[in-house]
Amino acid sequence: MNNNPIGVFDSGIGGLTVVKAITEKLPHESIIYLGDTARVPYGTRSKEIITKFALDLAQFLIKRKVKFLVVACNTISAVAYDAIKNSSPVPIIGVITPAVIQASRVSKNGKIGVIGTVGTIKSDTYGKLIRVLNPDAEVYSVACPLFVPLAEEGFANNLISELATQEYLKSLKKAKVDTLILGCTHYPILYKVIQREMGNRVNLVDSSHTTAEMLEKRLKNLKLLGNNTHPKWEFYVTDAPERVYQVAGRFFGEALNGKLKKISLSE
Ligand code: DGL
């Protein structure tokens, strides 16, 4: 048993979709969330810069005595997971392995689609891991850079998101994937429009839920589960213009009201 908080971090506020899934699955855990809203997006940056930024974020949380680190960002998980793991005194989990295990479990025809940021898709981290679990799998990956701004604008289910979805998912439909990994924190916001475009028979894998499930298993195995009767949720961002508050509400809902605090990473 350990009642220290779980540290969750992301390049921005998209990782709040993962926090939401964790709070639903593990209601007795305290959580400290950190989103690097001053330097988002990471998805178009180089591996070196993403790794440097990610280590800053992990350090901030480690100093606050977290018992576990959750890398709630696909881009960071794809390119900087090992660097974080090697420098972290506490166990860590990313969003990629849980999604890949789930996708391999539900796919019947072995044709798996992956969508994510340019950085995530370029790294082919999803593809490599899928092929480790299932060497016969056919992986089709597509970067969807417009999806992040669409989700942030709240264009979750309108004509613009529909057109972008049609364009990006064309090749995946043609390849007849039966499973599609939503490999970016923001994409669950576009869940409905993506499901409609792919058709109901295609399984969508949302890594926020699978990550929360795997986190629970790891905490149990390591005897780190908490039993806080009044768990504390703290939310920090590195820049907080008005827009961040609005968008964060869209990702997390009412519970966030007034709780988002701006910090400097050198504190
Ligand atoms: N959080 C990032 C991800 O999951 C999306 C936003 C960004 O590009 O930084 O890949």
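Everything in this summary refers to the structure shown in the same document. Small disclaimer: the values here were computed from a predicted structure and weren't measured.

1. Details of the site of the ligand
At step 1: Taken together, 13 residues are adjacent to the ligand, and D10, S11, Y42, G43 and T75 come closest.
At step 2: Here an oxygen atom of the ligand sits 2.7 Å away from a polar atom, N or O, in the main chain of Y42.
At step 3: When atoms are counted within 2 Å of each cavity's grid points, the one that captures over half of the ligand is the second largest pocket.
At step 4: Considered class by class, the residues forming the shell around the ligand number five nonpolar, seven polar and one charged.

2. A closer look at the pattern of salt bridges
At step 1: Inspection of the entire model under this criterion finds 14 salt bridges.
At step 2: R39 is paired through a salt bridge with D56; the nearest N and O atoms lie 3.2 Å apart. Here D56 lies in helix α2 (residues 47–63) and R39 lies in the loop between β2 (31–35) and α2, a separation of 17 residues in the sequence.
At step 3: Classification of D56 as partly exposed rests on a relative accessible area of 26%.
At step 4: Taken together, the shared-partner salt bridges connect D36, R39, K52 and D56 into one network.

3. Things to note about helix α9 (residues 191–198)
At step 1: Looking only at α9, the buried set comprises V193, I194, Q195, E197 and M198.
At step 2: Those residues of α9 that are buried lie in contact with β5 (111–116), α7 (147–153), α8 (159–174), β7 (179–183) and β8 (203–206).
At step 3: Where α9 ends, the next residue or the one after it, G199, has phi of about 95°, a positive value.

4. Side note on the packing of helix α4 (residues 96–106) against helix α6 (residues 125–133)
The relative placement of two packed helices is expressed as an angle between their axes plus a distance between the axes.
At step 1: At a minimum axis separation of 10 Å, α4 and α6 run at an interaxial angle of 50°. Overall, the two elements α4 and α6 adopt an arrangement that is oblique. When you trace α4 past α6, the crossing you get is right-handed. Of α6, the residues touching α4 (which contributes I96, T97, A99, V100, I101 and S104) are T125, Y126, L129, I130 and L133.

Quick notes on the rules
- Residues numbered from 1 in each chain as written.
- Predicted model: local features only at pLDDT ≥ 70, side-chain atom pairs only at ≥ 80, totals over all residues.
- Heavy atoms only, no water.
- Near = heavy atom within 4 Å.
- Polar contact = N/O pair within 3.5 Å; in protein donor to acceptor, adjacent residues only side chain to side chain.
- 1 Å grid on protein atoms, 1.4 Å probe; cavity = no way out; pocket = protein on both sides within 12 Å on 5 of 7 lines; lining within 4 Å.
- Sits in = over half its atoms within 2 Å of the grid points.
- Nonpolar A, V, L, I, M, F, W, Y, C, P; charged D, E, K, R; others polar.
- Salt bridge = Lys/Arg side-chain N within 4 Å of Asp/Glu carboxyl O.
- Helix = DSSP H or I, 4+ residues; strand = E, 2+ residues; numbered from the N terminus.
- Buried < 20%, exposed > 50% of the residue type's maximum accessible area, 1.4 Å probe, protein only.
- Contact = heavy atoms within 4.5 Å.
- Axes fitted to C-alpha atoms, helices over the stretch in contact; angles between N-to-C directions.
- Parallel < 35°, antiparallel > 145°, perpendicular 65-115°, else oblique.
- Left-handed = near helix turned anticlockwise from the far one by under 90°.

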